[in-house]
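For reference, the chains in residue letters:
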Amino acid sequence: MHTLGERIVDFKNVNFSFGSGLAVENVSFSISKGEFVGMIGPNGSGKSTIVKLMLHLLNPDSGKIMLFGTDIQQFADWKKIGYVPQKATFFDQNFPATVFEVVSMGRFANAGLGKPLSQNDKEHVIDALRQVGMLEYAKRRIGDLSGGQQQRVFIARALATKPELLILDEPTVGVDSRIQHSFYQLLKKLNKAGITLILVSHDVGVVSRNVSKLLCVNRKVNVHDISNGISKADLTCAYYPEFEMVPHHH
Ligand code: ADP
Ligand code: MG
């Protein structure tokens, strides 16, 4: 069990480049247990790269990353981290799996791939579907659902591993703006249930109304604590004048 305030993620002076030029420059921040953190910044600012560094899908060129107090190079407890990648819902809509089967994939990390799911695994799948309000769709084909419903199913898949940290990379891109409100309500509910959340978005306004800390990304990272309210500087933090911002219309 973890004590309140325990460090879940620590970046210290992390640098990363894909070749020419830094994509992530001297980034330091920490995230404690129970926080709901928004990671905002324009397209191409390095948000997904930071997430991939956090998941050890990429290795930093320099600096140090700690997960749950362990150096990421030694960290092995990946079940503690749920991840919904960017464009999760951009899959082949003819994919012949039911909602239950898709969420079951989240349990193979625990059960072992190829092994049948135990009753316990199945209960975790059902529980995850219930948490996102999609249990009644369990037998439906994933491709037959709306974008917003599919998004919930992919969150359920990440939740099925019982993660302590859930990372969502641009989860509302391609999702109807009308259902975004209920989506943020769901995230708040998960956070209240004790899950530490990192929500990546280029939509500053929406995210900042829902989180307690903003990581403003533009190759570098500025940390803004907005738990006691938000200032104009907080809202515009990711948009440095030297960086040409791409406007987004919804
Ligand atoms: P964001 O998620 O904020 O939109 P990314 O982290 O995806 O930004 O990208 C940050 C920068 O790194 C961009 O300039 C992007 O073009 C570059 N980049 C991302 N992925 C790759 C890759 N696989 N190879 C080369 N450059 C990449
Ligand atoms: Mg991205």
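Residues numbered from 1 in each chain as written. Chains lettered and ligands numbered in written order. Predicted model: local features only at pLDDT ≥ 70, side-chain atom pairs only at ≥ 80, totals over all residues. Heavy atoms only, no water.

> How should unusual backbone geometry be read in this particular structure?
Peptide bonds are mostly trans, and most non-glycine residues show a negative phi. In this model, Asn-26 sits at a positive phi of 50 degrees, which is unusual for a non-glycine residue. Structurally, Asn-26 is set in strand E2 (residues 22-32). For Lys-162, which is not glycine, the phi dihedral falls at a positive 60 degrees. Counting through the fold element by element, Lys-162 comes out in the loop between helix H5 (147-159) and strand E7 (165-169). (Helix = DSSP H or I, 4+ residues; strand = E, 2+ residues; numbered from the N terminus.)

> In this structure, what is going on with the sheet that holds strand E10 (residues 220-225)? I would like to understand it.
On the basis of which strands lie adjacent, the open sheet formed by six strands has the order E6-E7-E8-E3-E9-E10 and mixed pairing. Two strands lie at the open edges of the sheet, namely strand E6 (81-84) and E10, each paired on one side alone. Neighbour-to-neighbour, the strand axes of this sheet turn through a mean angle of 15 degrees, independent of strand direction. Bridge analysis of E7 against strand E8 (residues 196-201) gives five bridges, and the strand direction is parallel. Residue pairing in the sheet places Leu-168 in a bridge with Leu-199 of E8. (Pairing = 2+ DSSP bridges. Axes fitted to C-alpha atoms, helices over the stretch in contact; angles between N-to-C directions.)

> Explain the sheet that holds E2 here, please?
What links the strands of a sheet is backbone hydrogen bonding, and the strands pair in either a parallel or an antiparallel sense. Ordered in space as E2-E1-E4-E5, the four strands form an open sheet in which the pairing is antiparallel. Looking along the sheet, the strands with just one partner apiece sit at the ends: E2 and strand E5 (70-71). Both strand E1 (residues 7-17) and strand E4 (residues 62-67) contribute to a ladder of five bridges, which runs antiparallel. When the bridges of E4 are listed, Phe-11 appears paired with Ile-65.

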